[in-house]
Structures are given as C-alpha cells and as structure tokens.
Amino acid sequence: KLDNACPSVKYAHRRLADADLYFFFNESTEEQIRQALLCGSGQVTEWDAMTGVIKAVDSASADEGRVRLQLELQPWGTKFIVVGAAPPRLE
C-alpha cells in the first residue's frame, strides 16, 4: 500500500517459503517517491537485478508483520524489495 494513490507505480508481490518478494515499476517519466507499507517480517533488502548486489534497507521500520519504507523510483525505474530471511551476503 502506498501513502498516496500513484497510478504510474505498478507492483507484483510473491510470497516465498521464507520471504515476501516485491517488484516495483514506475511507468512514468517522473521520479516517484512514496511511503510504502508492505506485508512481511524480517530483514528488508533491496536486490539490484543488473549487478546482483544485495543491500540492507536500514531506513525500513517493522511493526506486527508489516514493514514501512520510503520507495524511490526513477523515471521508468524498477526495484526489487525482499522482506524475510537474511540473504547469504549483504553489502
């Protein structure tokens, strides 16, 4: 759930055995910055599909099976967010 309606931001959510995976896509020519409330608990990480880099999202806050974070998407940008078990390596 986003803090404000934003028709240009699309997402897909998949529940895995040990994590919740979110894929966000900004289909507009403008940067989108929103607060997002996601289902899941555990470590919050951002996965870069181009480089394979996985980094912790330190600004995320958790509360009763939900995670709140600031989502920043560049024009036509995409982002993978994973909430759950810690990955094997973090940067």
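First things first, this report covers the structure right here in the doc. (Residues numbered from 1 in each chain as written. Predicted model: local features only at pLDDT ≥ 70, side-chain atom pairs only at ≥ 80, totals over all residues. Heavy atoms only, no water.)

1. Comments concerning unusual backbone geometry
A positive phi angle is found at Glu64, which is not glycine, with a value near 50°. By secondary structure assignment, the location of Glu64 is in the loop between β6 (61-63) and β7 (66-73). Accessibility expressed as a relative area gives 76% for Glu64, which makes it exposed. (Helix = DSSP H or I, 4+ residues; strand = E, 2+ residues; numbered from the N terminus. Buried < 20%, exposed > 50% of the residue type's maximum accessible area, 1.4 Å probe, protein only.)

2. Observations concerning the sheet that holds strand β2 (residues 19-26)
Sheet architecture is open: five strands sit in the order β1-β2-β8-β4-β5, paired in antiparallel fashion. The strands lining the two open edges of the sheet, one partner per strand, are β1 (9-15) and β5 (54-56). Strand-to-strand twist in this sheet, taken as the mean axis angle between neighbours without regard to direction, amounts to 25°. (Pairing = 2+ DSSP bridges. Axes fitted to C-alpha atoms, helices over the stretch in contact; angles between N-to-C directions.)

3. Digging into the pattern of salt bridges
If you walk through the whole model with that rule in mind, you get three salt bridges. With a shortest N-O distance of 3.8 Å, Lys79 and Glu46 are connected by a salt bridge. Of this pair, Lys79 sits in strand β8 (residues 78-84) while Glu46 sits in strand β4 (residues 43-47); the two residues are 33 residues apart in sequence, bridging distant segments of the chain. On the basis of relative accessible area, Lys79 is assigned to the buried category, the value being 16%. The exposure class assigned to Glu46 is partly exposed, which follows from its relative accessible area of 22%. (Salt bridge = Lys/Arg side-chain N within 4 Å of Asp/Glu carboxyl O.)

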